[in-house]
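The primary structure of each chain is shown beneath.
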Amino acid sequence: MNVQIGSKIRRLRENKGFSQEEMAERLQISRSAYSRIESGETNSWVNHIEKLCENLDIKPEDFFINSDNNINTNQDNASAVQTNTHHDTHITINQLSEKVIELYEDRIKELKEQVEFWKTKTR
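Below is a short write-up of the structure.

How each quantity is defined
Residues numbered from 1 in each chain as written. Predicted model: local features only at pLDDT ≥ 70, side-chain atom pairs only at ≥ 80, totals over all residues. Heavy atoms only, no water. Core = buried A, V, L, I, M, F, W, Y, C linked by side-chain atoms within 4.5 Å. Buried < 20%, exposed > 50% of the residue type's maximum accessible area, 1.4 Å probe, protein only. Helix = DSSP H or I, 4+ residues; strand = E, 2+ residues; numbered from the N terminus. Contact = heavy atoms within 4.5 Å. Phe/Tyr/Trp six-rings, centres within 6.5 Å; stacked < 30°, edge-to-face > 60°. Lys NZ or Arg CZ within 6 Å of the ring centre and 35° of its normal. Axes fitted to C-alpha atoms, helices over the stretch in contact; angles between N-to-C directions. Left-handed = near helix turned anticlockwise from the far one by under 90°. Nonpolar A, V, L, I, M, F, W, Y, C, P; charged D, E, K, R; others polar.

In a soluble, globular protein the nonpolar side chains are often hidden away together inside. Formed by 22 residues in total, the largest nonpolar core has its most connected members in Ile 9, Tyr 34, Trp 45, Leu 52 and Phe 63. Sorting elements by how many residues they give to this core places helix H4 (residues 49-56) first, with four residues. Contacts of Phe 63, omitting those with residues within four sequence positions, involve Ile 5, Lys 8, Ile 9, Trp 45, Ile 49, Leu 52, Cys 53 and Ile 58.

This part takes up the packing of aromatic side chains. In total, this model carries one aromatic pair according to the counting rule given. Plain terms: the ring middles of Phe 117 and Trp 118 are 5.0 Å apart, the flat faces sit at 80 degrees to each other, and that makes the pair edge-to-face. When its relative accessible area of 40% is taken as the criterion, Phe 117 is described as partly exposed. One cation-aromatic arrangement involves Arg 26 over Phe 18; the distance from NZ or CZ to the ring centre is 4.1 Å.

This paragraph deals with the packing of helix H1 (residues 2-16) against H4. For the pair H1 and H4, interaxial distance at closest approach is 10 Å and the crossing angle is 35 degrees. In terms of crossing hand, the pair formed by H1 and H4 is left-handed. Contact with H1, carried on its side by Ile 9, Leu 12, Arg 13 and Lys 16, involves Leu 52, Asn 55 and Leu 56 of H4 and no other residues of that element. For the contact of H1 with H4, the class distribution of residues is four nonpolar, one polar and two charged.

What follows deals with H4. By the burial criterion, the buried members of H4 are Ile 49, Leu 52, Cys 53, Asn 55 and Leu 56. Against H1, helix H2 (20-27) and helix H3 (31-39) lie the buried residues of H4. Of the residues flanking the end of H4, it is Asp 57, one or two places downstream, whose phi is positive at about 55 degrees.

Right, here's the structure in full:
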């Protein structure tokens, strides 16, 4: 999923005419950290979702909606839920919340593993 979102962020950035350096500055991160977001190497885009939305003029749920107005509900994109702009907004918001929570949980797990790793290195 990070690859699809990173690709979408790249397209949106390019449409706005921003360089990776400019976006990195706007997010207050290094250009290499920003590059990893666009390449899908990291899910840290979640940590910057508000600034990304502000700078790219999108809503958070737009990260999960592909160009056909489908919400990506599975990581393999095997199935999608068709949305209508007004009728199914609650579905979009619920799915966005679930995806963001899932990404945060993954990140917490990664950080806990890093903490344990460094604890063993300092002993």
